[in-house]
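A look at the structure
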Amino acid sequence: MNLTFAKYTLSNGITLIVKENHHAHSVVVRGYLPGGANLDTAEQVGLASFTSGMMRRGTEKHSYAEINEIVESVAASVYVNTGRHLTGFGGKSLAEDFKLLVELMADNLLCPTFPSAEIEKLRGQIITDLKEDEDDTRTMSGRYFRELLYTIDHPYGRPVDGTLKSIPLLTRADLLDFYHRLHPQDGAVVVVGDVTGEEVYQILEAALGQWQPVHAPPDTVLPPPRPLTEKAVYLHRMPGKFQADLVLGWLGPERRADDFYAAYIGNTILGQLGLGGRIGQIVRDTEGMAYYANASVQGGGGPGPWYAFAGVNPQVVDKTVELILAEIRRFQAEPVSNEELADTQAYLTGVLPLQMETNEGVGTMLLDMYFYQLGDDYIARYPDLIKAVTREEIQAAAQKYLSDEVYALAVAGP
């Protein structure tokens, strides 16, 4: 695997990373600006997501329909979206259309007009999606789990897409106000494909380097979430459903925490390897009680959740929780076996090249490396980082982050 890439800085502070790949005649762009749903207030949940959705729906140069026609005419794609910490943007095109792709992307970022008619169309689509979410047991269990774990006073406890209460109240002025808080400083763009670094730099500098707002960048620092001090449980009744979904979890490590890899490997053993790790094996395979049962550790810019989740017959929710907690106790009390650790390390080091077989995969990896400041040699060091984790470090992470007595549990079902 060729791990070389070039790095530039645009005149407005955006970092540009270019990975040349002349084996595929396409180009992928992945980028971000600091600030996403973490800038939403409790009263305006979903504002960041609504705003980013509108940035592609009309600019000073093109209407929404014209943008779609241009994109479709060259079989390209262009997007703006929102994460918990970032406003993302990018797209994909043939190499010969790269300049056009960048022009459209820059147009979305620099010149959105927020047409009132498109605002109402998008508002209607968001509300429809939210109503569908409220009819989905898996989505609702996840939403209430976050509320329990972080509370709605913390941005991590709120839904990125907003709520049926907040979205109808957001105005065009609110969207414009949020848009004008975005700033390119500390942003990043990754370009992967059949291009050269110097060519990409010249095009991006001309298109985005001019974007130098006079306002200060947004304050994206979040307060640390307050850890739970006792068990928090919420049952969301959804009459007429035949399945219950549950999420049970805790605050996990940040992505840059020293023990993140121990938690990451431990979670793979606990709830990912094979068809759901230990939890999937006992809850679904042995007891036959779940349609699915897994665990996840997210490790984001702040302490993301570490949680187990399952979809079960409503009659066996309590038994499923007991089985998951029993696995947590075993996970804390006993080191994982040498065989489990070796299998997981082999899997995680082996899957990395597969994740980077496409330009999209490489672009996502390089952007994550930059955002989390993992180092330019991260890909080369990754196998050693994984292989260095010991059974004792995994047990220590389990004892630090997990508990069979203090946890958040949300259940959505009949």
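See the structure printed just above.
In this report, we go over the structure that sits alongside the text. (Residues numbered from 1 in each chain as written. Predicted model: local features only at pLDDT ≥ 70, side-chain atom pairs only at ≥ 80, totals over all residues. Heavy atoms only, no water.)

1. Side note on the overall build of the protein chain
Across its full length, the protein chain holds 14 helices and 11 strands. Taking 414 residues into account, the globule formula puts the C-alpha radius of gyration at 22 Å, and the protein chain, at 23 Å, falls close to it. Taking all 414 residues of the protein chain together, the buried fraction comes to 54%. Accessible area for the protein chain stands at about 18,600 Å²; split by element, carbon and sulfur atoms hold 51% of it. Side chains of the protein chain give 34 positive and 54 negative charges; the mean places of these two sets differ by 4 Å. (Helix = DSSP H or I, 4+ residues; strand = E, 2+ residues; numbered from the N terminus. Rg over C-alpha atoms; globule rule 2.2 N^0.38 Å. Buried < 20%, exposed > 50% of the residue type's maximum accessible area, 1.4 Å probe, protein only. Areas by Shrake-Rupley, 256 points an atom, 1.4 Å probe, with all protein chains shown as cover. Lys, Arg positive; Asp, Glu negative; His and termini not counted. Charge placed at Lys NZ, Arg CZ, Asp CG, Glu CD.)

2. Some details on the side chain of D259
Within the secondary structure, D259 is located in the loop between β8 (244–251) and α8 (260–271). You can call D259 buried: its relative accessible area is 17%. Beyond its immediate sequence surroundings of up to four residues, D259 is in contact with P253, K400 and Y401. (Contact = heavy atoms within 4.5 Å.)

3. Some details on the packing of aromatic side chains
A complete count under the given rule lists 13 aromatic pairs for this structure. For the pair Y32 and F371, a centre-to-centre distance of 5.5 Å together with 85° between the ring planes defines the contact as edge-to-face. One end of the pair, Y32, is in strand β3 (residues 26–34); the other, F371, is in helix α12 (residues 359–371), and 339 residues separate them in sequence. Under the relative-accessibility criterion, Y32 is labelled buried at 5%. Looking at F371, the relative accessible area reads 25%, which means it is partly exposed. A centroid spacing of 6.2 Å and a plane angle of 55° characterise the contact between W306 and Y401, whose relative ring orientation is tilted. In this pair, W306 sits in strand β10 (residues 305–312) while Y401 sits in helix α14 (residues 391–401), placing the two residues 95 residues apart along the sequence. Since its relative accessible area comes to 1%, W306 is described here as buried. (Phe/Tyr/Trp six-rings, centres within 6.5 Å; stacked < 30°, edge-to-face > 60°.)

4. Focus on the sheet that holds β10
Taken in spatial order, the five strands line up as β7-β11-β8-β10-β9 in an open sheet, and their pairing is mixed. Here the strands that pair on one side only, and so sit at the sheet edges, are β7 (232–237) and β9 (290–297). Adjacent strand axes in the sheet meet at a mean angle of 10°, parallel and antiparallel pairs treated alike. Sheet topology note: the β8/strand β11 (residues 408–413) ladder contains five bridges and is antiparallel. Bridge pairing links D245 to A412 in β11. Lying on the sheet, helix α10 (residues 317–333) is in contact with β8, β10 and β11; it crosses β8 at an angle near 30°. (Pairing = 2+ DSSP bridges. Axes fitted to C-alpha atoms, helices over the stretch in contact; angles between N-to-C directions.)

5. Observations concerning the pattern of salt bridges
One pass over the structure, following the stated rule, counts 13 salt bridges. Measuring nitrogen to oxygen at the nearest pair gives 2.7 Å for the salt bridge that ties K92 to E360. On the criterion of sequence distance, the pair formed by K92 in strand β5 (residues 86–94) and E360 in helix α12 is long-range, its members being 268 residues apart. Its relative accessible area of 25% is what places E360 among the partly exposed residues. (Salt bridge = Lys/Arg side-chain N within 4 Å of Asp/Glu carboxyl O.)

6. Observations concerning the sheet that holds strand β2 (residues 15–20)
As summarised here, the arrangement of the six strands in space is β1-β2-β6-β3-β5-β4, forming an open sheet in which the pairing is mixed. Among the strands making up the open sheet, the edge pair consists of β1 (6–9) and β4 (77–82). Taking each pair of neighbouring strands and ignoring which way they run, the sheet shows an average axis angle of 15°.

7. A look at helix α6 (residues 172–179)
Every buried residue of α6 is listed here: D174, L175, F178 and Y179. Angular distribution of buried residues about the axis of α6 spans 135°; they occupy a single face of the element. Residues of α6 that are exposed and angled more than 90 degrees away from the buried face: A173 and D177. The elements touched by buried residues of α6 are α1 (47–54), α3 (98–110) and α4 (116–133). (Arc of directions from axis to C-beta.)

8. Considering the pairing of β11
Burial within β11 is extensive, with six of its six residues counted as buried. What you see with β11 is no split at all: A408, A410 and A412 on one side and L409, V411 and G413 on the other are buried throughout. By the bridge criterion, six bridges tie β7 to β11 in an arrangement that is parallel. Paired with V233 across the bridge in β11 is L409.

9. Overview of the side chain of T15
Take T15: it is sitting in strand β2. Residues within four places of T15 in sequence aside, it is in contact with K7, Y8, G187, A188, V189 and Y370.

10. So, the packing of α8 against α14
The geometry of α8 relative to α14 is characterised by a closest axis approach of 8 Å and an angle of 90° between their N-to-C directions. Between α8 and α14, the interaxial angle falls into the category roughly perpendicular. Counted together, A262, A263, I265, G266 and I269 of α8 and E393, I394 and A397 of α14 form the full contact between these two elements. (Parallel < 35°, antiparallel > 145°, perpendicular 65-115°, else oblique.)

11. Considering the environment of N267
Mapped onto the elements, N267 comes out in helix α8. Owing to a relative accessible area of 4%, N267 belongs among the buried residues under this scheme. Taking the C-alpha atoms as reference, N267 lies 6.4 Å from A295; in sequence the two are 28 residues apart. Those residues within four positions of N267 in sequence are excluded, and the remaining contacts are Q272, A295, S296, V297 and W306. Within polar-contact distance, the side chain of N267 engages the backbone nitrogen of S296 at 3.2 Å. (Polar contact = N/O pair within 3.5 Å; in protein donor to acceptor, adjacent residues only side chain to side chain.)

12. As for the packing of α10 against α14
The interhelical angle for the contact between α10 and α14, taken along N-to-C directions, is 130°, at an axis separation of 8 Å. Considered as vectors, α10 and α14 are oriented oblique to each other. Considering the relative orientation of α10 and α14, their crossing is left-handed. The segment α10 lies against α14, with F331, Q332 and A333 engaging I394, Q395, A398 and Q399. Taken together, the residues of the contact of α10 with α14 break down into four nonpolar, three polar and no charged. (Left-handed = near helix turned anticlockwise from the far one by under 90°. Nonpolar A, V, L, I, M, F, W, Y, C, P; charged D, E, K, R; others polar.)

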